[in-house]
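# Examination of the molecular architecture
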Amino acid sequence: MKTTISALGLDIGRRRVGVAGCDRTGLIATGLTTLDAKVFADLIAELRSLVAEREVEVLVVGLPYSMNGDIGPQARQVQKFARRLSRTLDLPVDYVDERLTSVEAEQMLHAQRISPSRHKGLIDRKAAALILQQWLDERRQGLRAFPPTSDLESD
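Residues numbered from 1 in each chain as written. Predicted model: local features only at pLDDT ≥ 70, side-chain atom pairs only at ≥ 80, totals over all residues. Heavy atoms only, no water.

### Examining the packing of helix H1 (residues 40-54) against helix H2 (residues 73-89)
Heads up, the condition is: To obtain each axis, a line is fitted to C-alpha atoms, and for helices this fit is confined to the stretch in contact; angles are then taken between N-to-C directions over 0 to 180 degrees. Secondary structure elements follow DSSP: runs of H or I no shorter than four residues count as helices, runs of E no shorter than two count as strands, and numbering proceeds from the N terminus. For this classification, under 35 degrees means roughly parallel, over 145 means roughly antiparallel, 65 to 115 means roughly perpendicular, and everything else is oblique. In this scheme the crossing of two helices becomes right-handed for a clockwise turn of the near helix relative to the far one and left-handed for an anticlockwise turn of less than a right angle. Whether two residues are in contact is decided by their heavy atoms, any of which lying within 4.5 Å being enough. Gly counts as polar in this scheme, as do all residues outside two lists: the nonpolar Ala, Val, Leu, Ile, Met, Phe, Trp, Tyr, Cys and Pro, and the charged Asp, Glu, Lys and Arg.
It is at 11 Å that the axes of H1 and H2 come closest, and there the two elements cross at 55°. Taken together, the axes of H1 and H2 lie oblique to each other. Note on packing geometry: the crossing formed by H1 with H2 is right-handed. Of the residues in H2, those touching H1 at Phe40, Leu43, Ile44, Leu47 and Arg48 are Phe81, Arg84, Leu85, Thr88 and Leu89. Taken together, the residues that form the contact of H1 with H2 break down as seven nonpolar, one polar and two charged.

What follows is the structure in structure tokens.
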């Protein structure tokens, strides 16, 4: 039985999508790239290439819950976009609570003496890595099943 899984972590924003991948053991997430989200066809082409190269089996998407835990308008937009990616790439999607991952990513850059305002793409990649790492950790602890069961509703 296969215990490791290849996943892509995605931090979806209006302009950019931060992308992270995991190592072959499924233990460590690393930021891979930041893609332009404005032209869907271009985004899909780049994601297809990553999916094929890394033999990806699941997309792990950060869901921006509101601070009180509700799914607000921004989270609904991310879900809609993620479902579109899922259908187009023919991959399941699992969601991770991404509250404050961008803040944490910015703090990491500050600690490295890197200006967050000049490195938005790096923040997106780091946030995607934090999202994927959380998912990997939860999966290892038995808190996540595969295939994912979350958000199978249609648009």
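### A closer look at the sheet that holds strand E1 (residues 7-12)
What counts here: Note: two strands are recorded as paired if DSSP finds a minimum of 2 bridges between them.
Taken in spatial order, the five strands line up as E3-E2-E1-E4-E5 in an open sheet, and their pairing is mixed. The outermost strands of the open sheet, each flanked by one partner alone, are strand E3 (29-36) and strand E5 (93-97). Between one strand axis and the next, the sheet turns by 25° as a mean value, whatever way the strands run. Inspection of the sheet shows E1 paired to strand E4 (residues 58-63) by four bridges, in the parallel sense. Bridge pairing in E4 links Leu10 to Val61. Against the sheet, H1 engages E1, strand E2 (16-22) and E3, with an angle of about 155° to E3.

### A look at the packing of aromatic side chains
Put simply, the rule is: Each Phe, Tyr or Trp ring (for Trp, its six-membered ring) is paired with any other whose centre lies within 6.5 Å, and the angle between the two planes then decides the class: stacked below 30 degrees, edge-to-face above 60, tilted in between. Buried residues are those whose accessible area, probed at 1.4 Å on protein chains only, stays under 20% of the maximum for their type, while exposed residues exceed 50% and partly exposed ones sit between those limits. Here, a charge over a ring means that NZ of Lys or CZ of Arg falls within 6 Å of the ring centre while also lying within 35 degrees of the ring normal.
Tallied over the full model, the rule gives one aromatic pair. Centre to centre, the rings of Phe40 and Phe81 are 5.7 Å apart; their planes meet at 90°, and the pair counts as edge-to-face. You can see Phe40 sitting in helix H1 and its partner Phe81 sitting in helix H2, a full 41 residues away along the chain. Comparing Phe40 with Phe81 shows no difference in burial state: the two are buried. Here Arg84 stacks its cationic end above the ring of Phe40, 3.6 Å away from the centre of that ring.

### With respect to H2
Inclusion rule: The span one expects for a helix is its residue count, reduced by one, times 1.5 Å.
In this model, H2 (17 residues) spans 24 Å end to end at C-alpha, consistent with the 24 Å of a helix rising 1.5 Å per residue. For H2, the set of buried residues is Ala75, Val78, Gln79, Phe81, Ala82, Arg83, Leu85, Ser86 and Leu89. On its buried face, H2 sits against E1, H1, E4 and E5. In the segment just after H2, Asp90 is the residue with positive phi, at about 55°.

### Observations regarding H1
Here H1 is 15 residues long and its end C-alpha atoms lie 21 Å apart, about the 21 Å a rise of 1.5 Å per residue gives. On the buried face of H1, the contacting elements are E1, E2, E3 and H2. Of the residues one or two after H1, Glu55 is the one with positive phi, at around 50°.

### What about the pattern of salt bridges?
This is how the line gets drawn: In the sections that follow, a salt bridge refers to a side-chain nitrogen of Lys or Arg positioned within 4 Å of a carboxyl oxygen of Asp or Glu.
Tallied over the entire structure, the rule returns two salt bridges. The closest approach of N and O atoms between Arg16 and Asp124, which form a salt bridge, is 2.4 Å. Within this pair, whereas Arg16 is found in strand E2, its partner Asp124 is found in helix H4 (residues 120-140), the two being separated by 108 residues in sequence. Under the relative-accessibility criterion, Arg16 is labelled partly exposed at 29%. Among the ionic pairs, Asp137 bridges to Arg140, the shortest N-O distance being 2.5 Å. With a gap of three residues between them, Asp137 and Arg140 both fall in helix H4, about one helical turn apart. Residue class for Asp137 comes out partly exposed when judged on its relative accessible area of 26%.

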